[in-house]
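The lines below spell out each chain.
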Amino acid sequence: MKVHLFGGTWNPSCCAFALRHTAEENKALYSSSVYDTVMHNFCFEDCLASFESEREAGKQIDELCELLGKGGFKLNKWLSNSKVVL
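About the thresholds
- Residues numbered from 1 in each chain as written.
- Predicted model: local features only at pLDDT ≥ 70, side-chain atom pairs only at ≥ 80, totals over all residues.
- Heavy atoms only, no water.
- Core = buried A, V, L, I, M, F, W, Y, C linked by side-chain atoms within 4.5 Å.
- Buried < 20%, exposed > 50% of the residue type's maximum accessible area, 1.4 Å probe, protein only.
- Helix = DSSP H or I, 4+ residues; strand = E, 2+ residues; numbered from the N terminus.
- Axes fitted to C-alpha atoms, helices over the stretch in contact; angles between N-to-C directions.
- Parallel < 35°, antiparallel > 145°, perpendicular 65-115°, else oblique.
- Left-handed = near helix turned anticlockwise from the far one by under 90°.
- Contact = heavy atoms within 4.5 Å.
- Nonpolar A, V, L, I, M, F, W, Y, C, P; charged D, E, K, R; others polar.
- Polar contact = N/O pair within 3.5 Å; in protein donor to acceptor, adjacent residues only side chain to side chain.
- Expected span 1.5 Å × (residues − 1).
- Arc of directions from axis to C-beta.

J.: Describe the nonpolar core, and please don't skip the residues or the numbers.
T.: Ranked by size, the top nonpolar core spans 13 residues in total, and within it L19, A23, V38, F42, L67 and L68 carry the most contacts. Elements with a contribution of two residues or more to this core: helix 1 (11–25), helix 2 (32–40) and helix 3 (54–69).

Now the structure itself:
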């Protein structure tokens, strides 16, 4: 099997597995906070995380995109109360 059908009841668990697997495989290349964000702040394909500063948020966004890009994920639909972060 090489593809998954959209709308299948198994899709959320497959997505969670793929996200976590990507984080595990690349754990040594990224900060522990980025790894922890993937492991603890994703619900299906959505990430909800808070940061102490705009600088930290920007760094996390860059690293999350790079890390998850290694697994074929493209993060989009960002929301923030800071225009600097967006």
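J.: Account for the packing of helix 2 against helix 3, with residues named and values stated.
T.: Remark: helix 2 packs on helix 3, axes separated minimally by 10 Å, with the N-to-C direction vectors making an angle of 70°. On the basis of their axis angle, the class for helix 2 and helix 3 is roughly perpendicular. For the pair helix 2 and helix 3, the crossing hand works out as right-handed. Contact residues: S33, V34, T37 and V38 in helix 2; Q60, E63, L64, L67 and L68 in helix 3. Among the residues forming the contact of helix 2 with helix 3, the class breakdown is 5 nonpolar, 3 polar and 1 charged.

J.: Break down helix 2 for me, with residues and values.
T.: Among all positions in helix 2, only V34, Y35, T37, V38 and M39 are buried. Residues of helix 2 that are buried make contact with helix 1, strand 1 (42–43), strand 2 (46–47) and helix 3.

J.: Account for the side chain of N26, with residues named and values stated.
T.: Its place among the elements puts N26 in the loop between helix 1 and helix 2. Overall, N26 belongs to the buried group, its relative accessible area being 13%. Only 2.9 Å separates the side chain of N26 from the backbone oxygen of T22, close enough to count as a polar contact. Apart from residues no more than four positions distant in its own chain, N26 is found in contact with L67 and K70.

J.: Any details on helix 1? Residues and values, ideally.
T.: In an α-helix, one turn spans 3.6 residues; hence positions three or four apart end up facing the same way. Taking 1.5 Å of rise per residue, the 15 residues of helix 1 would be expected to cover 21 Å, and the 21 Å separating its terminal C-alpha atoms lies within 8% of that figure. Along helix 1, the residues that are buried comprise C15, L19, T22 and A23. Angularly, the buried residues of helix 1 cover 100° about the axis, an arc narrow enough to put them on a single face. What points out from helix 1, more than 90 degrees from its buried face, is the exposed set F17 and E25. Against the buried residues of helix 1 lie helix 2, strand 1 and helix 3.

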